[in-house]
Amino acid sequence: MLQENSIKLSSSYAVASKVKDYSQLMKFNLTFMVVFSSVVAYLLVPGVEFDLIKVLLLFAGGLLVSGSANTINQIWEKNTDKLMARTATRPLPSGRMSETEAIIVAAVTGVAGFLIMGYCFNWLSAALSLFSLVMYGFVYTPWKKWNSLAVLVGGIPGAMPLLIGWAAGANNLSEGGWSLFAIQFLWQFPHFWAIAWIAHKDYTRAGFKLLPANGEPNKFTALQAVMYTLLLIPAGVAPYLLKITGGISAIVAILAGLFFLYRAINLYRKNDVPAARKLMFGSYIYLTIVQLAQLLDKA
Ligand code: HEM
Ligand SMILES: CC(C)=CCC/C(C)=C/CC/C(C)=C/COP(=O)(O)OP(=O)(O)O
């Protein structure tokens, strides 16, 4: 009886730790936010009505493709991830998962996500998903080792989920989709530089130079972050000007933009890790609020 209970306990522990490994492998939080942005774009397409099944399918397709892309990223980075405190406990660098298992996961999820997008939506959205996966897994990831331009390159797959969602609903790439793409594209720079500022020692140890001009965290980095948060304010109004969203969400985007700008200016003034951390959290707050407001305020 006692033995039976302990077998049950250890097998449920094994299941829980496998779930955790898979969640780390697909970078669940990041992937969730990416997929949420895709669903928002889909639902903002003029004429698209809320349909739970479609939304769930888009969630599933996005989760699978983005999960696959993140798995490919971690296969490449197994050795450098071992060198950073932030990433050393991931399943591959810690040795909890074999590379073969990760390759199988990446292939199965990538193909499944691509097919869901193609059969349940259209082949334009499937092709864009594949393009994003290749850009992230096979262009951005190796590029990270060369220079900081990688962040610009990574910004393309990072913002593509909006075009994928738009294409899933509209079967075209009209201005509305691009205006949503622009917001997430610009957003990523302050988002990432705040993170790279906090984790600077980790990145240096692993040989990554991802701050602007291969630099150190300093006023120049902060100024670049200020510039992008500033650009986000007009970009945030574009979906309203294109009659995709209403006036209230445009006001929310301006206010959230001012808040994000304030946090970037604060980093410029203070030049320290606590200010960078505030900017990083500010980035999550900004994007969540703006995309929720857009979703609730469809024109
Ligand atoms: C150039 C593009 C991007 C770069 C270089 C980048 C980089 C990073 C890095 C290095 C982390 C890890 C932080 C940590 O370990 O504490 C991170 C976290 C995160 N990123 Fe990004 N990111 C980019 C784009 C995006 C996009 C497009 C989204 C979603 C829309 C996003 C959402 C997130 C979220 C939610 C987290 C937190 C993950 C967690 O706490 O588990 N990122 N990002
Ligand atoms: C539809 C589709 C395929 C979308 C791809 C979406 C995606 C994965 C976007 C993330 C963008 C990005 C550059 C993240 C940073 O990775 P990193 O390698 O700098 O992070 P790390 O150091 O934590 O591994």
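Keep in mind it's a predicted model, so treat the numbers as computed, not measured.

> Got a sec to walk through the overall build of the chain? Specific residues and values, please.
If you tally the helices and strands in the chain, you get 12 helices and 0 strands. Secondary structure elements in the chain, listed N-terminal to C-terminal, are α-α-α-α-α-α-α-α-α-α-α-α. For a compact globule of 299 residues, the expected C-alpha radius of gyration is about 19 Å, and the chain comes in at 20 Å, within 12% of that figure. Taking the principal axes of its C-alpha atoms as reference, the chain extends roughly 65 × 45 × 40 Å.

> Talk me through the pattern of salt bridges; I want residue IDs and the actual numbers.
In the structure shown here, the tally under the stated rule is 6 salt bridges. A salt bridge links arginine 205 to aspartate 202, with the nearest nitrogen and oxygen atoms 3.1 Å apart. Taken together, the residues span about one helical turn, with arginine 205 and aspartate 202 both in helix H9 (residues 200-206) at a distance of 3 residues. Look at arginine 205 and you get exposed, because its relative accessible area is 51%.

> If you had to explain the packing of helix H3 (residues 52-76) against helix H6 (residues 123-143) to someone new, which residues and values would you point to?
Direction vectors running N to C along H3 and H6 enclose 15°, while the axes themselves pass 9 Å from each other. Relative to H6, the element H3 lies roughly parallel. Seen along the crossing, H3 lies across H6 with a hand that is right-handed. Seen from H3, the contacting residues are Val65, Ser68, Ala69, Asn70, Ile72, Asn73 and Trp76; seen from H6, they are Ser129, Leu133, Tyr136, Gly137, Phe138, Thr141 and Pro142.

> Just give me the short version of the site of ligand 2, but keep the residues and values in it.
Near ligand 2, the surroundings consist of 19 residues, among which Lys27, Arg86, Arg90, Tyr136 and Tyr140 are the closest. Between ligand 2 and asparagine 73, the relevant distance is 3.0 Å, taken from an oxygen atom to a side-chain nitrogen or oxygen of the residue. Lysine 144 places a polar side-chain atom, nitrogen or oxygen, 2.9 Å from an oxygen atom of ligand 2. Relative to its unbound accessible surface of 630 Å², ligand 2 loses 90% to contact with the protein. Secondary-structure elements contributing two or more residues to the shell around ligand 2 are H3, H6 and helix H7 (150-170). Split by residue class, the shell around ligand 2 holds 9 nonpolar, 5 polar and 5 charged.

> Outline the site of ligand 1, supporting the account with residue identities and numerical values.
Around ligand 1, the surrounding shell holds 19 residues, and the nearest of these are Asn29, Arg86, Gly158, Gln188 and His191. Separating an oxygen atom of ligand 1 from a side-chain N or O atom of asparagine 29 is a distance of 3.0 Å. The separation between an oxygen atom of ligand 1 and a polar side-chain atom of arginine 86 is 3.0 Å. Listed by contribution, the elements that provide at least two residues to the shell around ligand 1 are helix H2 (28-44), H7, helix H8 (175-198) and helix H12 (273-296). Per element, the largest residue contribution to the shell around ligand 1 is 6 residues, and it comes from H8. Class assignment for the residues of the shell around ligand 1 results in 11 nonpolar, 7 polar and 1 charged. Viewed by domain, the shell around ligand 1 spans two of them, domain 1 (15-141) and domain 2 (173-298), each represented by three or more residues.

> For the UniProt feature "transmembrane region" (unreviewed entry) in the chain, give the residues involved together with the corresponding values.
Here the UniProt-annotated "transmembrane region" (unreviewed entry) positions come out as residues 28-45, 97-117, 148-168, 180-199, 220-242, 248-267 and 279-296. Secondary structure across residues 97-117 comprises 90% helix and 0% strand; the distance between its end C-alpha atoms is 28 Å. End C-alpha atoms of residues 180-199 are separated by 29 Å, and the span's content is 95% helix alongside 0% strand.

> A description of H6 should follow, citing residues and the corresponding values.
Between the first and last C-alpha of H6 there are 28 Å, a value that for 21 residues agrees with the 30 Å anticipated at 1.5 Å per step. The largest bend in H6 amounts to roughly 30° and is located at methionine 135. Buried positions along H6 lie against H3, helix H5 (99-120) and H7.

Criteria and cut-off values
Residues numbered from 1 in each chain as written. Chains lettered and ligands numbered in written order. Predicted model: local features only at pLDDT ≥ 70, side-chain atom pairs only at ≥ 80, totals over all residues. Heavy atoms only, no water. Helix = DSSP H or I, 4+ residues; strand = E, 2+ residues; numbered from the N terminus. Rg over C-alpha atoms; globule rule 2.2 N^0.38 Å. Salt bridge = Lys/Arg side-chain N within 4 Å of Asp/Glu carboxyl O. Buried < 20%, exposed > 50% of the residue type's maximum accessible area, 1.4 Å probe, protein only. Axes fitted to C-alpha atoms, helices over the stretch in contact; angles between N-to-C directions. Parallel < 35°, antiparallel > 145°, perpendicular 65-115°, else oblique. Left-handed = near helix turned anticlockwise from the far one by under 90°. Contact = heavy atoms within 4.5 Å. Near = heavy atom within 4 Å. Polar contact = N/O pair within 3.5 Å; in protein donor to acceptor, adjacent residues only side chain to side chain. Areas by Shrake-Rupley, 256 points an atom, 1.4 Å probe, with all protein chains shown as cover. Nonpolar A, V, L, I, M, F, W, Y, C, P; charged D, E, K, R; others polar. Domains from an automatic or database assignment. UniProt positions renumbered as here; feature names shortened; annotations may be inferred. Expected span 1.5 Å × (residues − 1). Bend = angle between axes of the 7 residues up to and from the residue.

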